[in-house]
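Results of the structural survey
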Amino acid sequence: MVSIRIDIAGAPAQPKKTTPVRHTGLRRSLVSSVLALFGLVGLFPFTAHADSVAGADAPPLHFVSYNLCGNVCSDARGYDNQRRVDSVVAEATGATWNADQLYLQEVCRPQYDALLDRLQPHGFSGLYAATISGRADTCDGSDYGLALFTKGSVIASTVLDLRVGGESEPIKAPCVKTRTQYRVNWGCSVHLDWSKDNSLRIQEAAKLAQLTRQWQDAGIPVVLGGDFNDTPRTAVATPFYEPANGHGTGTFVEADETDQDHFLADDCSDGRTRCRSGEPTFNNSKLDYLFFSSGSFTAAKADVLPLDTAVSDHRLLRGAAYWTDCTTADPTAGAVFRRDAAGVLFRYAGRTDGSLAGACKVGAGWGGMKLIAREGSAVLTVDANGTLWRYPVDPVTGAYSGGKRVQIGTGWQAYDTLLAPGDFSGDGKPDLISRDSSGGLWLHKGTGTGTYSAAVQIGTGWQTYDTLLAPGDFSGDGKPDLIGRDAAGGLWLYKGDGASSYSPRTQIGTGWQTYTALAAPGDTDRDGKADLIGRDAAGGLWLYKGDGASSYSPRTQIGNGYPDGELVF
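If you're wondering where the values come from, they're calculated on a predicted model, not measured in any experiment.

Calculation notes
Residues numbered from 1 in each chain as written. Predicted model: local features only at pLDDT ≥ 70, side-chain atom pairs only at ≥ 80, totals over all residues. Heavy atoms only, no water. Disulfide = S-S within 2.5 Å. Helix = DSSP H or I, 4+ residues; strand = E, 2+ residues; numbered from the N terminus. Buried < 20%, exposed > 50% of the residue type's maximum accessible area, 1.4 Å probe, protein only. Contact = heavy atoms within 4.5 Å. Polar contact = N/O pair within 3.5 Å; in protein donor to acceptor, adjacent residues only side chain to side chain. Axes fitted to C-alpha atoms, helices over the stretch in contact; angles between N-to-C directions. Parallel < 35°, antiparallel > 145°, perpendicular 65-115°, else oblique. Left-handed = near helix turned anticlockwise from the far one by under 90°. Nonpolar A, V, L, I, M, F, W, Y, C, P; charged D, E, K, R; others polar. Pairing = 2+ DSSP bridges. Core = buried A, V, L, I, M, F, W, Y, C linked by side-chain atoms within 4.5 Å. Phe/Tyr/Trp six-rings, centres within 6.5 Å; stacked < 30°, edge-to-face > 60°. Lys NZ or Arg CZ within 6 Å of the ring centre and 35° of its normal. Salt bridge = Lys/Arg side-chain N within 4 Å of Asp/Glu carboxyl O.

For the rest of this paragraph, the subject is the state of the cysteines. Taken as a whole and judged by the stated rule, the model has 4 disulfides. There is a disulfide in this structure between Cys175 and Cys188, and the S-S distance comes to 2.1 Å. Here the disulfide of Cys175 and Cys188 is right-handed, its torsion about the S-S bond being about 115°. Of this pair, Cys175 sits in strand S6 (residues 172-180) while Cys188 sits in strand S7 (residues 183-191), and the two are 13 residues apart along the sequence. The pair formed by Cys175 and Cys188 is uniform in burial state, with each residue classed as buried.

Another aspect to go through is unusual backbone geometry. One non-glycine residue, Asp140, lies in the positive phi region at around 55°. Examined against the element boundaries, Asp140 turns out to sit in the loop between strand S3 (124-132) and strand S4 (144-151).

Looking now at the side chain of His62. With respect to the helices and strands, the residue His62 is situated in strand S1 (residues 61-67). Setting aside residues up to four positions removed in sequence, His62 forms contacts with Trp97, Asn98, Ala99, Asp100, Gln101, Gly319 and Ala320.

By secondary structure assignment, the location of Thr467 is in strand S24 (residues 465-472). When its relative accessible area of 16% is taken as the criterion, Thr467 is described as buried. Side chain to side chain, Thr467 and Asp466 meet in a polar contact 3.3 Å long. Beyond its immediate sequence surroundings of up to four residues, Thr467 is in contact with Ile483, Gly484, Arg485 and Leu518.

Next up on the list: the packing of helix H2 (residues 81-92) against helix H3 (residues 109-119). When two helices pack together, you describe them by how their axes are tilted relative to each other and by the distance separating the axes. Running from N to C, H2 and H3 cross one another at 40°; their axes reach a closest spacing of 10 Å. Our classification of the angle between H2 and H3 gives oblique. In the packing of H2 onto H3, the handedness of the crossing is right-handed. Judged by residue contacts, Asn81, Gln82, Arg84, Val85, Asp86, Val88, Val89 and Ala92 of H2 engage Gln111, Ala114, Leu115, Arg118 and Leu119 from H3. Tallied by class, the residues present in the contact of H2 with H3 amount to 7 nonpolar, 3 polar and 3 charged.

Turning our eyes to something else, we now look at the sheet that holds strand S20 (residues 415-422). Within the open sheet, the 4 strands sit side by side as S20-S21-S22-S23. Their pairing is antiparallel. Strands with a single pairing partner mark the edges of an open sheet, and in this sheet they are S20 and strand S23 (456-459). Shown here is a sheet whose adjacent strand axes are inclined to one another by a mean of 30°, direction ignored. As paired elements, strand S22 (residues 441-444) and S23 share 3 bridges and run antiparallel to each other. Bridge pairing in S23 links Leu443 to Val456.

Here we take up the nonpolar core. Within the largest apolar cluster, 26 residues are counted, with the highest numbers of intra-cluster contacts made by Tyr66, Leu102, Leu104, Leu115 and Phe149. Contributions of two or more residues to this core are made by S1, H2, strand S2 (101-108), H3, S3 and S4. In contact with Tyr66, not counting residues within four places along its chain, are Val88, Tyr103, Leu104, Gln105, Asp308, Val311, Ser312, His314, Arg315 and Leu316. Of all hydrophobic cores here, the second largest spans 25 residues; its members include Val190, Val236, Ala237 and Tyr241.

Let us now look at the packing of aromatic side chains. The description of two aromatic rings rests on the distance between their centres and on the angle between their planes. By the definition in use, this model includes 31 aromatic pairs. Ring geometry for Phe252 against Phe291: centres 6.1 Å apart, planes inclined by 65°, an arrangement best described as edge-to-face. Residue Phe252 is located in strand S9 (residues 252-254), and its partner Phe291 is located in strand S10 (residues 288-293); the two are separated by 39 residues in the primary sequence. For Phe252, a relative accessible area of 1% translates into the label buried. Ring plane angle 35° and centroid distance 4.4 Å describe the contact between Trp462 and Tyr494, whose orientation is recorded as tilted. Within this pair, whereas Trp462 is found in the loop between S23 and S24, its partner Tyr494 is found in strand S26 (residues 491-494), the two being separated by 32 residues in sequence. Both residues of the pair, Trp462 and Tyr494, belong to the buried class. An aromatic cluster is built from Phe228, Phe240, Tyr241, Phe252, Tyr289 and Phe291, whose rings are joined through pairwise contacts. Directly above the aromatic system of Trp389 lies the positively charged group of Arg405, at a separation of 3.6 Å from the ring centroid. Above the plane of the ring of Trp542 lies Arg555, whose end atom (NZ or CZ) is 3.6 Å from the centre.

Covered by surrounding structure in strand S30 (residues 541-544) are Leu541 and Leu543 together with Trp542 and Tyr544, the residues of both alternating faces. Where strand S29 (residues 531-536) and S30 come together, 4 bridges link them in antiparallel fashion. From the neighbouring strand, Leu532 faces S30, where its bridge partner is Tyr544. In this antiparallel pair of consecutive strands, S29 and S30, the connection spans 4 residues, and Gly539 shows a positive phi of 90°. As paired elements, S30 and strand S31 (residues 556-559) share 3 bridges and run antiparallel to each other.

Tallied over the full model, the rule gives 19 salt bridges. Where Lys286 meets Glu254, a salt bridge forms, and the shortest distance between an N and an O atom there is 3.3 Å. Of this pair, Lys286 sits in the loop between S9 and S10 while Glu254 sits in strand S9, and the two are 32 residues apart along the sequence. Exposure remark for Lys286: the relative accessible area of 0% places this residue in the buried category. Overall, Glu254 belongs to the buried group, its relative accessible area being 1%.

Structural measurements only, silent on function.
Below, the structure is given as C-alpha cells:
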C-alpha cells in the first residue's frame, strides 16, 4: 500500500516518505470526508482536559489506549523512541497513572520487547500480535503490530482475526483474559482498517462486537481499547455504543462519552449526560476509544493528554471506571477486607448465599498501617508513629481516602491489637478495645463525638492468644462479645456483659491453628447472625456461619487466592 504522510502542526519537520503500513494521509482525508458527510465540521469544541481523571478521587480501574506510531514516527524522523518507551512505562507505574491495562497500536516488536522488559518487574504480562513481518521498509525488518499489557495474572489469551476480505494488511486484535484488581475480564487491543472508504472498517467493527459479545454473554466483562480509525457518529462505532446513546446497537460505554465540554452541538445539547463524542485524539478528531461492558462498569470517565510530538501523532487516552457493584454496596454490611502486598485495600461484600462479591478497591497506601479495625462503615488505623486515624467511607464510591481521614488519638504504639466491638460498655456509644504487649486488655470508651476516653484496663493474660476478634453479638444476647484463638488452635468465646466486662471464657472450637489469619466480617450472609472467616496456608478462604447462639455451622470454602501474609479483617 502507498500512503502519503501529512504532518500535524507542531510535530517534528519530516520528509515525505512512502511506507506500506502507515496511513496518516489517507486517514486525514477520510476523517474530513466523514465529518463533511455527517455535517459535523466545526462542531467539535476543543477545550483541553475538560474532565481530568487524575487525582485521588479518580475511579480505581485505570486503562490506557495509545497509538504509538512506532514505525513511521522513528528517531530518524525527529521522534524519540526511548522517550516513547519511558512514557508508556510511566503510565503503567505509580509515576503517573498506575494503569491496570494498556492497549497499544502501531508497535514494532523491539518496542514491545523493551516495554515488556521494563513492565514485568511491576507485575505486568504482555501479548503481541504481528500484522507485518520481515519487511525491510517496516520497523527495520522486525515485526509490526499491536500489543497489550495487563497487571495481574493471565488466564487465557487469543488473537481475533477481524479480516472480512479486501484488507491490504491483516486486521488482528490480541486479547487476554486476566484478573484486574482480583476480578476477571477480557481485554483487546484494536486497530481497524484505515482505508478512505470505511466499508471494511464497518464490517470489522461488527465482527469485533460479535466475537466479544460471547464473552459478555458468559458473564465476563470486556474492555476494548484502540484506534478505530473513525469518529464516534459513524457506523464503525455503532456496534459498541448502547441504544440509549445515539442509537447505538452495542453493550458498551465509552470512557469519554460523558465529557460535556466535547459534546457535539447538533443533538447533545438537550441536557443529556451521555453523547457519542469525546475529546480529539488525532488532529481534531476522536479516533481512539476505551469501551467498557456497560453491565459491569460504571461511572467511566476519560482524559486525553496533550500531544507529545516526540512520541506519536496521536494523543494518549486515559480511562477510568468502577465495577458496577462497587458503588452500590452497603458499607455497613458484612464484608471481608483485604490489604494486599502492595498496600492496596479491597472490600469483598457478603452475599445472602454466604459467598463473597468480587473485589472492590477502596484504598491505596495502606502498607504502613500497623493496626486496622472496622467500626461500622468507617475504618480505624494505627500508623507506625502510634497515631489513631478514622477513615470515613465515601458514601458514593465506598472508598477510604487519606484526604478525608481524621486524627482521633496518639500514643497507640503501645498496643499490638485494635478491636472495634461496638458498644461494649452499654452506654450507647461505640468503643474500642486494645491489647498491650504484656497481655493487658484495655477499654477505650467512645465519647459519642468521634473520640475516646482514657484507657481502662479490663483484663490481663490475653497474651495467650495469637489472634483476637470482635465479632459483634456472637452469642445472641444483644451484647458484643470477644473471641480469642490460642497457640494450640483452641477458639474461646468471652460473652460481653454490656457493662464493660465479660463472662469467663467458653471453648467453642479446636483445630483453628490451620488458619494463618482469622476475621470477624460481621453478618456476611445477611441472616442476622455474626459469622467467622479463616484463611488457610494455601490461600483458601473459609466461612463459618454463626448460629446466633455461640456456635457456628461447618465451614464452607468461599474463596481462594488470598496469599499468606496479607492482612484480612
